[in-house]
Amino acid sequence: MKKELIAELFLQFEQACYVHKGIECWSARELQTILEYTEWRNFLKVIEKAKDACTNAGQELKHHFVDVNKMITLAKTARREIDDIALTRYA
């Protein structure tokens, strides 16, 4: 991977961060887009591998992977709730 691409991905990753109750978090849906996964179901496989690695490292999943819901806007201002996962930097 070229240095420029790595730097751009890192910048996008850092810009996607938000703070909730003093904890840095990332939306899995946003990371899916940044990492160019076109389908949520495929990105969920990556999340499952990250959960396995977290468990193997002795970390509690509930501290790093929190299931949340997110409202998205569809055509003509319609809105729909979708599943998302709030991730810590460790996740």
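Residues numbered from 1 in each chain as written. Predicted model: local features only at pLDDT ≥ 70, side-chain atom pairs only at ≥ 80, totals over all residues. Heavy atoms only, no water.

Draft legend 1. Expanded view of helix α3 (residues 40-56). For α3, built from 17 residues, the straight-helix expectation of 24 Å at 1.5 Å per residue is met to within 8% by its first-to-last C-alpha distance of 24 Å. Within α3, burial applies to Trp40, Phe43, Ile47, Lys51 and Cys54. Buried residues in α3, looked at end-on, bunch into an arc of 95°, giving them a common side. Turned more than 90 degrees away from the buried face of α3, the exposed residues are Arg41, Lys45, Lys49 and Asn56. The elements touched by buried residues of α3 are α2 (28-34), β3 (65-73) and β4 (79-87). Residue Gly58 follows α3 closely and has a positive phi angle near 85°. (Helix = DSSP H or I, 4+ residues; strand = E, 2+ residues; numbered from the N terminus. Expected span 1.5 Å × (residues − 1). Buried < 20%, exposed > 50% of the residue type's maximum accessible area, 1.4 Å probe, protein only. Arc of directions from axis to C-beta. Contact = heavy atoms within 4.5 Å.)

Draft legend 2. Spatial organisation of the nonpolar core. Membership of the largest hydrophobic core is limited to 12 residues, which are Ala16, Trp26, Ala28, Leu31, Ile34, Trp40, Phe43, Ile47, Cys54, Phe65, Ile85 and Leu87. Counting residues per element, the ones that place at least two in this core are α2, α3 and β4. It is α3 that contributes the most residues to this core, 4 residues altogether. Not counting residues within four places of it along the chain, the set of residues in contact with Cys54 comprises Gln59, Leu61, His64, Phe65 and Tyr90. (Core = buried A, V, L, I, M, F, W, Y, C linked by side-chain atoms within 4.5 Å.)

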